[in-house]
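Coordinate analysis (summary)
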Amino acid sequence: MFRLSSDAMRLAIPALSLTLLLAAVFWMQPRAVGYVGLNLLFNLAVPIALATIAQMLIMAVNDLDLSMGTFVSFVACVTATFLRDAPATGVLILAGAIGTYAALGVIIHLRNLPSIVATLGMSFVWGGLAVLLLPAPGGQAPDWVRWLMTVKPPLAPMAIVASIAIASVAHLLVMRSSLGVLIRGIGGNQRSVERAGWSIVAARASAYGLAGLFAVLAGISLVGLTTSADANIALRYTLLSIAGVILGGGEFIGGRVSPIGAVIGALTLTLAGSFLSFLRISPDWQIGAQGAILIIVLALRLMLNRLEKQEKRR
Amino acid sequence: MTPLFRLVSKPWIWSWLAAFVVWFLTIMVTLGASTLGLSQAALTFAAFSVIVGIGQMFVITLGPGNIDLSVPATMTLAGTVALKLMNVENGLILSGLLIALVIGLVVGLCNYALIKALRIPPIIATLSTSFIVQSAAIWTNRGLRIKPPSVLAEFTTSNTLGVPNVAIVALLISLLAWFLLEKTIYGRWISAIGQSMPAARMAGIPVDGTRFVTYLFCAVLASVAGYLLACFSGGAALNMGSEYLLMSIAVVVIGGTAVAGGDSNVPGIWGASLFMFLVVSMLNTYGVGAGIRLIMTGLIIISVIMLAGRRAGMR
């Protein structure tokens, strides 16, 4: 019989949930089928997918980033102000922010800090900087960012093309490069990676730096969609990104992550929002229903896992 | 081993030291004019963080990955429903408290049911529950702002012998938590589970039952905090719990409880809660803006855990 590797199985479940959800949306709203419909459905997925990849890189080294939402908000504020009015300064600030992320990784490693608390502290810092930049909602997206996010490629809408591109780049980076193996190795068994002669500090710094880079891209793409920014624009990204990684088959510990799964997880979360508005659920229960969808998808995953185990036993 | 050395080696001493330094720096600016007022305000606001922090501490003690994100939503729902039920009548105060406790129990039950039955990591399970609970709060609240019964409003905002009543309630809860943690077999069990779940299972500890009770305990404390906070602030608001998500985690860790689990302490929660409030009021006294205040708060949190980090991290 045709057999799936465990990695493929890990990916099959998130993909299946996404397909089911998409089928349900199309069934309820046939007009959503097609280029424009898909673009509308997945419009907001690009920044969430990028933030999810960033969170995944942190989770690959057994850490957790609670500052993701405030950081993406901060980047959005920089993009809507400096990156438009003074591109050189803007790029410098964003590079500095990525550097800060890498430095945070070094500090967390050297001082053996709990990442949850260190990033919690950083979330105050990023939030404060964002409030300093834009005390009230405002700013404007740079024209090239706006163009990039609204461009209409042939065949498939921008959101889909971008998601595939993000997934491929992240897959090459995390699953196929030696740095990616090293990063996941730290999550699996830090001591053995260390004994093999690798520098843990450098690897952790690069994991954090890469996460910073992806989070910066998330902030920039978010402003490209919303056209203006606000200090609280992306606060929910912290929890969304964690949920996206888990939905995509990632784990909190052990360096077991899946970039393609993470992007699929982000798409599922985005689609859940559209699905609910099609269901005409009262706005009071929108958040609650999102929670329920999360539970259902995870239950589905458990069921399929059990089935897989039974198959193996036979 | 001198008494001083023994004191310094306590994990909670750092948060108390930090709180004291910040308190001192603040009253220096006002030349001691606001000493009593500042201390009372600090005790009042710290009390709410202490109550939710203790619940969160018990959960975090259970080991890596254990965390309760449904705290803010539980607080909001308990506060909203209790005030609605009491409907400004003093006679219904106890039934209000009872319904708050029941809400806590139900949320805790849902949390653990998801963790156990669906094998979801606690962080995602409690997150999902919190979405549903938050929706329920929005649905029951409907923008109404019902005042608390007068006796209860009076109780939560006044002092006994100069000590705020809510702080006394928090102290009683802390004593109970300390007793549970240090003097009962249950306390030993959660520490054992936090240090190694397989080992605890081998040793015949009822792991599932203990974890279940702990999640119940955390949710119940969150609902009590929500009940008190709603009465203290003159009505329930939908966002009243939001700052307590990060706060409950921050006070646990700054207080010297090991994030990796298995080692917790109650006094540190008090030091950290006082510290968190005093930092904000110190920065307010110095007249800095909202942005700078947030940045300073973040940097101070990071500095504190860096100072105490080597000890907490290795555990």
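What you see is a predicted model; the values in this text were computed from it and never measured. (Residues numbered from 1 in each chain as written. Chains lettered and ligands numbered in written order. Predicted model: local features only at pLDDT ≥ 70, side-chain atom pairs only at ≥ 80, totals over all residues.)

Describing the overall build of chain A
Using the following cut-off: A run of DSSP states H or I qualifies as a helix once it reaches four residues; a run of E qualifies as a strand once it reaches two. Both are numbered from the N-terminal end. We compute the radius of gyration from the C-alpha atoms alone; for a globule the expected value is 2.2 Å times N to the 0.38, where N is the number of residues. Any residue with 12 or fewer other C-beta atoms within 10 Å of its own C-beta is exposed, any with 20 or more is buried, and the rest are partly exposed; the C-beta atoms used are placed from the backbone. For every residue pair, C-beta atoms are placed from the backbone, and the pair is scored as a contact if these atoms sit within 7 Å.
From N to C terminus, chain A includes 14 helices and zero strands. In chain A, the order of α-helices and β-strands from amino to carboxyl end is α-α-α-α-α-α-α-α-α-α-α-α-α-α. Its C-alpha atoms give chain A a radius of gyration of 20 Å, near enough to 20 Å, the size a compact globule of 314 residues would have. Counting only C-alpha atoms and orienting by the principal axes, one finds that chain A spans roughly 60 × 55 × 40 Å. Out of the 314 residues belonging to chain A, those deemed buried represent 53%. In chain A, of all internal contacts separated by at least 6 residues, the share reaching a separation of at least 24 is 79%.

Points about the overall build of chain B
Counting secondary structure elements, chain B contains 14 helices and two strands. Relative to the 2.2 N^0.38 estimate, which gives 20 Å for 315 residues, the radius of gyration of chain B is 19 Å and therefore close to what a compact globule would have. Counting over 315 residues, chain B shows a buried share of 52%. Considering only residue pairs separated by 6 or more positions, chain B has 78% of its internal contacts joining residues 24 or more positions apart.

Thoughts on the nonpolar core
We apply this condition: Joining buried Ala, Val, Leu, Ile, Met, Phe, Trp, Tyr and Cys residues through C-beta atoms within 7 Å gives a set, and that set is a nonpolar core.
In this structure, Leu57, Val72, Val75, Phe214 and Ala215 of chain A are the most contacted members of the largest nonpolar core, which totals 218 residues. The contacts of Leu57 of chain A, once residues within four sequence positions are left out, are Ile183, Ala207, Leu210, Ala211 and Phe214 of chain A.

Considering helix α9 (residues 185-195) of chain B
All of the buried residues in α9 of chain B are Trp189, Ile190, Ser191, Ile193 and Gly194 of chain B. On its buried side, α9 of chain B packs onto α3 (35-61), α10 (197-202) and α11 (207-232) of chain B.

Here we look at the interface of chain A and chain B
By a widely used convention, the size of an interface equals the accessible area lost when the partners come together. Here is the rule we go by: Nonpolar residues are Ala, Val, Leu, Ile, Met, Phe, Trp, Tyr, Cys and Pro. Charged residues are Asp, Glu, Lys and Arg, and all others, Gly as well, are polar.
The interface is formed by 36 residues belonging to chain A together with 41 residues belonging to chain B. At the level of elements, α7 (115-133), α12 (237-247) and α14 (286-313) of chain A are the ones that each hand at least two residues to the side of chain A that touches chain B. The element best represented in the side of chain A that touches chain B is α7 of chain A, accounting for 14 residues. When the residues that make up the side of chain A that touches chain B are grouped by side-chain class, the tally is 26 nonpolar, eight polar and two charged.

Examining the confidence of the model for chain B
Detailed reading of the predicted coordinates is not advisable wherever pLDDT is low. Residues and elements named next belong to chain B. Using the following cut-off: As a per-residue quantity, pLDDT reports the predictor's confidence and falls between 0 and 100.
When the pLDDT values of chain B are averaged, the result is 82; 93% of them are 70 or greater. Ranking the helices and strands of chain B by mean pLDDT puts α11 first, with 90, and helix α1 (residues 3-8) last, with 67. For residues 310-315, every residue scores under 50 in pLDDT, and the model assigns this stretch 13 contacts once sequence neighbours within four places are set aside.

Quick look at helix α4 (residues 71-86) of chain B
Worth spelling out the cut-off: The span you would expect from a helix comes to 1.5 Å times its residue count less one.
Its 16 residues place the ends of α4 of chain B 22 Å apart at the C-alpha level, agreeing with the 22 Å of an ideal helix rising 1.5 Å per residue. Judged by how many residues are buried, α4 of chain B sits mostly within the fold: 14 of 16 residues are covered.

Observations concerning the environment of Ile146 of chain B
Residue and element names in this part refer to chain B. As for its placement among the helices and strands, Ile146 is situated in the loop between α6 (122-141) and α7 (150-157). Ile146 sits 89 residues away from Gly235 along the chain, and the two C-alpha atoms are 5.6 Å apart. Sequence-distant contacts of Ile146, that is, excluding residues within four places in its chain, are made with Leu83, Lys84, Asn87, Val88 and Gly235.

Here we look at the packing of α3 of chain B against α11 of chain B
Residue and element names in this part refer to chain B. Basically, it comes down to this: Orientation is described by lines fitted to C-alpha atoms, with helices fitted over the stretch in contact, and by angles between N-to-C directions that extend from 0 to 180 degrees. When describing relative orientation, an angle under 35 degrees is termed roughly parallel and one over 145 degrees roughly antiparallel, while 65 to 115 degrees is termed roughly perpendicular and anything else oblique.
At their nearest, the axes of α3 and α11 sit 8 Å apart, and the two run at 170° to each other. When the axes of α3 and α11 are compared, the pair comes out roughly antiparallel. Note on element contacts: α11 touches α3 through Thr214, Tyr215, Phe217, Cys218, Leu221, Ala222, Val224, Ala225, Leu228 and Leu229, opposite Phe48, Ile51, Val52, Ile54, Gly55, Gln56, Phe58 and Val59.

Some thoughts on the environment of Leu269 of chain A
All names here are of chain A. You can see Leu269 is positioned in helix α13 (residues 259-278). Since 27 C-beta atoms lie within 10 Å of it, Leu269 is described here as buried. It is 19 Å that separates the C-alpha atoms of Leu269 and Phe252, two residues lying 17 residues apart in sequence. Contacts of Leu269, omitting those with residues within four sequence positions, involve Ile48, Leu240, Ala243, Gly244 and Leu247.

What to know about the confidence of the model for chain A
In the predicted model, chain A carries a mean pLDDT of 86, and the fraction of residues at 70 or more is 97%. Of all the helices and strands in chain A, α14 of chain A carries the lowest mean pLDDT, 76, while helix α4 (residues 68-80) of chain A carries the highest, 94.

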